[in-house]
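So the chains spell out like this:
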Amino acid sequence: MRVEDVAALDKKGLRRHGLLQEEPGAETGYGSDHQRLLQPNNPDLFKDLTDMLFKYDRFKVFADFDDYVKSQEKVSKLYQEWTKMVIKNIASSGKFSSDRTITDYAKEVWGVEPTDLKIPAPNEPREAIVETAKALKKK
């Protein structure tokens, strides 16, 4: 929907019930028994939400429902091709690596050289940390 469409709907005073007849696909799951369809064991669970959508839809959630469904279908088709797109994107991204970026930053900005020294994991005993500290002092 465009801004002009929203303004026209506001001026016309359409509420969702009027739009349901104009957009047959929109009534799926939201008919007169929409409460029961959404939550059979607790029909009033979504009452506030559905009342807002059907009676006071100031954000025009259902006004462009057909366009939403069409866009969602495009997204679903795109998602099926997502893996191929991701692989192509990665393959064509060129030379980039977070390790290389961090190394370049360390050299160019901080003026430090990388080391092969491994920092002990937090769950390793204190002795491993002491050994690492001694090795750092030797360098």
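Residues numbered from 1 in each chain as written. Predicted model: local features only at pLDDT ≥ 70, side-chain atom pairs only at ≥ 80, totals over all residues. Heavy atoms only, no water.

Caption draft 1: Looking closely at the overall build of the protein. Secondary structure summary: the protein contains eight helices and zero strands in total. The order of helices and strands in the protein, counted from the N terminus, is α-α-α-α-α-α-α-α. Burial analysis of the protein (139 residues in total) assigns 14% to the buried set. In the protein, the share of contacts with a sequence separation of at least 24, taken over all contacts with a separation of at least 6, comes to 40%. Roughly 11,800 Å² of accessible area belongs to the protein as shown, and the carbon and sulfur atoms make up 57% of that amount. (Helix = DSSP H or I, 4+ residues; strand = E, 2+ residues; numbered from the N terminus. Buried < 20%, exposed > 50% of the residue type's maximum accessible area, 1.4 Å probe, protein only. Contact = heavy atoms within 4.5 Å. Areas by Shrake-Rupley, 256 points an atom, 1.4 Å probe, with all protein chains shown as cover.)

Caption draft 2: Geometry of a nonpolar patch on the surface. Side chains of Leu 78, Tyr 79, Trp 82, Met 85, Val 86 and Ile 90 sit close together on the surface and give an oily, nonpolar patch of about 620 Å² of accessible area. Elements with a contribution of two residues or more to the nonpolar patch: helix H5 (65-80) and helix H6 (82-91). Of all the elements, H6 adds the most residues to the nonpolar patch, at four residues. Tracing the backbone shows Trp 82 in helix H6. (Patch = residues over 30% accessible without salt bridge, like charges linked within 9 Å, V, L, I, M, F, W, Y side chains within 5 Å. Salt bridge = Lys/Arg side-chain N within 4 Å of Asp/Glu carboxyl O.)

Caption draft 3: Broad picture of the side chain of Lys 60. Its location among the elements puts Lys 60 in the loop between helix H4 (47-55) and H5. Excluding its chain neighbours within four sequence positions, the residues that come into contact with Lys 60 are Met 1, Val 6, Leu 9 and Asp 10.

Caption draft 4: Here's a closer look at the pattern of salt bridges. One pass over the full model with this rule turns up four salt bridges. We note a salt bridge from Glu 4 to Arg 2, for which the minimum N-O separation is 3.3 Å. The class of Arg 2 is exposed, set by a relative accessible area of 52%. Glu 81 is paired through a salt bridge with Lys 84; the nearest N and O atoms lie 3.7 Å apart. Residue Glu 81 is classed as partly exposed on the basis of its relative accessible area, which comes to 37%. Through salt bridges with shared partners, one network takes in Arg 2, Glu 4 and Asp 5.

Caption draft 5: Molecular detail of the confidence of the model for the protein. On average, residues of the protein score 76 in pLDDT, and 79% of them reach the 70 mark or higher. The secondary structure element of the protein with the lowest average pLDDT is helix H2 (residues 16-22), at 47, and the one with the highest is H5, at 88. Note on residues 17-32: pLDDT under 50 across the span, and 24 contacts to partners over four residues away in sequence or across chains. (pLDDT = per-residue confidence, 0-100.)

Caption draft 6: Region of interest: the packing of aromatic side chains. Counted under the stated rule, the structure contains one aromatic pair. The interplanar angle of 80 degrees and the centroid separation of 5.2 Å between the aromatic rings of Tyr 105 and Trp 110 together place this pair among those described as edge-to-face. Taking relative accessible area as the criterion, Tyr 105 reaches 44% and is therefore assigned partly exposed. Among the residues examined, Trp 110 registers a relative accessible area of 58% and is labelled exposed. (Phe/Tyr/Trp six-rings, centres within 6.5 Å; stacked < 30°, edge-to-face > 60°.)

Caption draft 7: Quick peek at the environment of Val 130. Along the chain, Val 130 falls in helix H8 (residues 126-138). Residue classification places Val 130 among the partly exposed residues on the basis of a relative accessible area of 34%. Remark: the alpha-carbon pair of Val 130 and Pro 120, spanning ten residues in sequence, is separated by 9.7 Å.

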